[in-house]
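In case you want the letters, here they are:
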Amino acid sequence: TQSENELQRLLLFRAGAFERVAVPLSLVARLEEFPRSAIEQAGGRHVVQYRSRILPLISLRSVLESGRTEQELTADPLQVVVFNDGDRSIGVVVDQILDVAEEAITVRQKSTRHGLLGSAVVGKQVTDIVDLNQVLQTAEVWLQGSHREAGGKKVMIADASAFSRGLIRCSLDMAGYRILEATNLDEAIH
């Protein structure tokens, strides 16, 4: 538990057997719907042509339920949460986008399930929080550093990339840390 609950904006969605899953909205670049007919194969993976690029797609359901990404994408249209980091992008396919919530997370419980940081009460309902680092590693698109866990301490994240800070913040926040952020060393010192 945290004594100083900060408001967080979370995107809520469904993925397979997981009826209420969330990711910090600050990490989301766009929400898209793609017709099933637009899905193609490249390098043995599902992809879609997106903004003059090839966007790799990963099914969140397959990550959470089995840790594999081979599951067929059969919905039409597909609901996709797009994440960007510089010139890299990935589309995470979800079953249904539900809502955006803005509130303090009040109760937390860590998870040992692959792809989840843990659970929290959001909007008076228990919600699973996605471990985006694990999802992206499973997709083998972006490789992020390993998680370091401890609790009850204040931590400063100093990184020029708001996306990178958001990934790290999400993991540390669920572990119970109080987070301070800075975009560079000078800002961190002051």
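Residues numbered from 1 in each chain as written. Predicted model: local features only at pLDDT ≥ 70, side-chain atom pairs only at ≥ 80, totals over all residues. Heavy atoms only, no water.

Whenever I open this one, unusual backbone geometry confuses me. Can you help?
A negative phi angle characterises most non-glycine residues, just as the trans form characterises most peptide bonds. Following Asp76, the chain continues to Pro77 via a peptide bond in cis, the omega torsion being 0 degrees. Inspection of the secondary structure assignment puts Pro77 in the loop between helix H1 (60–66) and strand S7 (78–85). The backbone of Arg51 sits at a positive phi, close to 50 degrees, despite the residue not being glycine. Tracing the chain through its elements places Arg51 in the loop between strand S5 (45–50) and strand S6 (53–59). You will see that Lys124, though not glycine, has its phi angle at about 65 degrees, which is positive. Topologically, Lys124 is positioned in the loop between strand S11 (116–122) and strand S12 (125–130). By relative accessible area, Lys124 is classed as exposed at 82%. (Helix = DSSP H or I, 4+ residues; strand = E, 2+ residues; numbered from the N terminus. Buried < 20%, exposed > 50% of the residue type's maximum accessible area, 1.4 Å probe, protein only.)

Could you clarify how one ought to interpret the confidence of the model for the protein in this entry?
Close inspection of predicted coordinates is inappropriate for parts of the model with low pLDDT. Of the residues in the protein, 82% have a pLDDT of 70 or more, and the chain-wide mean is 78. Put simply, helix H3 (residues 162–174) is where the protein has its lowest mean pLDDT, 73, and strand S3 (residues 30–34) is where it has its highest, 93. Contacts for the low-pLDDT stretch residues 141–151, under 50 throughout, to residues beyond four places or in other chains number 27 contacts. (pLDDT = per-residue confidence, 0-100. Contact = heavy atoms within 4.5 Å.)

For this particular structure, what's the right way to read the packing of aromatic side chains?
Ring pairs (aromatic) are described by centroid distance and by the angle formed between their planes. Evaluated as defined, the whole model comprises one aromatic pair. Pairing Phe34 with Tyr50 gives two aromatic rings, centres 5.7 Å apart and planes at 90 degrees, and the pair type is edge-to-face. Placement of Phe34 in strand S3 and of Tyr50 in strand S5 is noted, with a sequence separation of 16 residues between them. Using a relative accessible area of 7% as the deciding quantity, one classes Phe34 as buried. Given the relative accessible area of 10%, Tyr50 is considered buried. (Phe/Tyr/Trp six-rings, centres within 6.5 Å; stacked < 30°, edge-to-face > 60°.)

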